[in-house]
Amino acid sequence: MKSCRIVSLLPAATEIAAALGLMDEIVGVSHECDFPDEANARPRVTHCSVHSTGLTSREVDESVRRALRENGTIYTIDEPLLRQLRPDVILTQKLCDVCAVGYGTVARLAETLPGPPRVVNLEPSSLSDIFDDIRHVAEACGVSPVADEVVARLSKRVGVVRRRASRTANRPRCFLMEWVDPPFCSGHWGPELIEISGGHDPLGRKHQPSVQIDWQAVLDARPEIIVLALCGYDVDLARRDYQLLQRFPGFDSLPAARRGELYAVDASAYFARPGPRIVDSLEILAGILHPEEFPEFAPHGSEDAGVARLKPQPAQTQRTCHQLPGGS
């Protein structure tokens, strides 16, 4: 393989490159790239003023909306560093202005760099799109045969979940929640993962962007299971927002609340990161929706797999620290 200097502006893209055996080719990453561990040793070429600012989820939402309205972005690129790194390939996205630097900004800057570098846009809205993105990165970096092997392994795991889930007669109503305050439903690949793992998300927008919804819509949908897959949040931060969710009017009347079928997942590492670990997300959901059929994926009190079953907690009024929603 010809040497290829890669700058990845997406955590998912960094994971894709690593799965393709290209970690040694990565010379720069975004401020959110944290997996595999080697990514943390790379220079960070993006920054975000909202990241780790101690805001509540409502304040994060308001801050992001204001920044997008006034500046068109919430991110900055370290242009001198990017020039110094001399990338041959830049991995970026058009999918979400909240998740990473906008594609237009990256493309315009790339045109001024030596080469210029090839800009690879990753814009998945489905599971198959994510697998296609693996192929796109591989093609851009000259390792297409490796992508075929990676996608084959991931597809096999998806097929196993799909076949086993199809044997279950019960398909519970599962609300995959992407943000608490204000409430957002799941979108893109989220409802598809619920479907494959043997459930139904009555509020999800399959292969479409997630959107803010009225809380009354949740009450009307009466979900039997609620999964807090809060964009950019890990299990601990999702658990903190669960305290807020419990104060929403009518929350205790929901079947999920009455049955204690509420879960927090590490959306930052899994659900909101459309890379190879999206299949881990599918397996996590299978364990939540059908623990009897998928005992190896069922939550057992350990958070090693990025999931925790939530217990009712006393409502608290103090401010809680949150991070930026994002993580694609």
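Owing to the predicted nature of the structure, the values given are computational and were not obtained by experimental measurement. (Residues numbered from 1 in each chain as written. Predicted model: local features only at pLDDT ≥ 70, side-chain atom pairs only at ≥ 80, totals over all residues. Heavy atoms only, no water.)

Undergrad: Can you tell me about the overall build of the protein, naming the residues and giving the values?
TA: Tallying secondary structure elements over the protein gives 11 helices and 13 strands in all. For the protein, buried positions account for 58% of its 328 residues. Excluding contacts between residues fewer than 6 apart, the proportion of contacts in the protein whose partners are at least 24 apart in sequence is 71%. Within the structure as shown, the protein displays about 13900 Å² of accessible surface, and the carbon and sulfur contribution to it stands at 48%. (Helix = DSSP H or I, 4+ residues; strand = E, 2+ residues; numbered from the N terminus. Buried < 20%, exposed > 50% of the residue type's maximum accessible area, 1.4 Å probe, protein only. Contact = heavy atoms within 4.5 Å. Areas by Shrake-Rupley, 256 points an atom, 1.4 Å probe, with all protein chains shown as cover.)

Undergrad: Account for the sheet that holds strand β8 (residues 184-185), with residues named and values stated.
TA: In a beta sheet, neighbouring strands pair by backbone hydrogen bonds and run either parallel or antiparallel. Taking strand neighbours across the sheet as the criterion, the 5 strands line up as β8-β7-β11-β12-β13 in an open arrangement whose pairing is mixed. Edge positions in the open sheet fall to β8 and β13 (307-309), since each of these has one partner strand only. Here 4 bridges tie strand β7 (residues 174-179) to strand β11 (residues 225-228), and the two strands are oriented parallel to one another. Across the sheet, Phe 175 pairs through a bridge with Ile 226, a residue of β11. Against the sheet, helix α9 (residues 235-245) engages β7, β11, β12 (262-265) and β13, with an angle of about 145° to β12. Packed onto the sheet, helix α11 (residues 278-289) meets β7, β11, β12 and β13 and runs at close to 150° relative to β11. (Pairing = 2+ DSSP bridges. Axes fitted to C-alpha atoms, helices over the stretch in contact; angles between N-to-C directions.)

Undergrad: Got a sec to walk through the pattern of salt bridges? Specific residues and values, please.
TA: Applying the stated criterion across every chain, the model contains 17 salt bridges. Glu 224 is the partner of Arg 173 in a salt bridge, and the nearest nitrogen-oxygen pair spans 3.5 Å. Within this pair, whereas Arg 173 is found in the loop between α6 (144-166) and β7, its partner Glu 224 is found in the loop between α8 (215-221) and β11, the two being separated by 51 residues in sequence. Classification of Glu 224 by relative accessible area gives buried; the value is 18%. Connected through shared salt-bridge partners, Glu 15, Asp 34, Arg 273 and Arg 277 make up one network. (Salt bridge = Lys/Arg side-chain N within 4 Å of Asp/Glu carboxyl O.)

Undergrad: If you had to explain the confidence of the model for the protein to someone new, which residues and values would you point to?
TA: As a general rule, the predicted coordinates of low-pLDDT regions are not to be interpreted in detail. Averaged over all residues, the pLDDT of the protein equals 89, while 88% of them reach at least 70. Contacts for the low-pLDDT stretch residues 315-328, under 50 throughout, to residues beyond four places or in other chains number 68 contacts. (pLDDT = per-residue confidence, 0-100.)

Undergrad: An account of the environment of Ala 257 is requested, with residue identities and associated values reported.
TA: Relative to the helices and strands, Ala 257 is located in helix α10 (residues 255-259). Classification of Ala 257 as buried rests on a relative accessible area of 18%. With 33 residues separating them along the chain, Ala 257 and Glu 224 place their C-alpha atoms 8.0 Å apart. When neighbours within four sequence positions are excluded, Ala 257 is seen to be in contact with Phe 251, Asp 252 and Leu 262.

Undergrad: So what's going on with the nonpolar core? Which residues, and what values?
TA: Core analysis: the biggest nonpolar cluster contains 60 residues, and Leu 20, Phe 131, Ile 134, Val 227, Val 265, Phe 271 and Ile 288 have the highest contact counts within it. The contacts of Phe 271, once residues within four sequence positions are left out, are Leu 176, Trp 189, Ala 229, Val 265, Asp 266, Ile 278, Ser 281, Ile 284 and Leu 285. Residues Cys 48, Val 60, Ala 110 and Phe 251 belong to the second largest nonpolar core, which totals 49 residues. (Core = buried A, V, L, I, M, F, W, Y, C linked by side-chain atoms within 4.5 Å.)

Undergrad: Could you give an account of unusual backbone geometry, with specific residues and numbers?
TA: With an omega dihedral of -5°, the bond running from Phe 35 to Pro 36 counts as a cis peptide bond. Tracing the chain through its elements places Pro 36 in the loop between β2 (26-29) and β3 (46-48). With an omega of -15°, the peptide bond between Gly 115 and Pro 116 qualifies as cis. The topology assignment puts Pro 116 in the loop between α4 (103-110) and β6 (118-122). Even without a glycine there, the phi angle at His 188 is positive, about 50°. On the basis of relative accessibility, which here comes to 15%, the residue His 188 falls in the buried class.

Undergrad: Mind laying out the packing of α6 against α11, listing which residues take part and the relevant values?
TA: Close contact between α6 and α11 brings their axes to 10 Å; oriented N to C, the two are set at 15°. Put simply, α6 runs roughly parallel to α11. Considering the relative orientation of α6 and α11, their crossing is left-handed. Between α6 and α11, the residues in contact are Leu 154, Arg 157, Val 158 and Val 161 and Val 279, Asp 280, Leu 282, Glu 283 and Ala 286, respectively. For the contact of α6 with α11, the class distribution of residues is 6 nonpolar, no polar and 3 charged. (Parallel < 35°, antiparallel > 145°, perpendicular 65-115°, else oblique. Left-handed = near helix turned anticlockwise from the far one by under 90°. Nonpolar A, V, L, I, M, F, W, Y, C, P; charged D, E, K, R; others polar.)

Undergrad: Explain helix α1 (residues 11-19) to me, and be specific about the residues and the numbers.
TA: Counting buried positions over the 9 residues of α1 gives 7, a clear majority of the element. Those residues of α1 that sit buried are Pro 11, Ala 12, Ala 13, Thr 14, Glu 15, Ile 16 and Ala 17. Buried residues along α1 sit in contact with β1 (6-8), β2, β5 (89-93), β6 and α5 (127-141). One or two positions beyond α1, positive phi appears at Gly 21, with a value near 80°.

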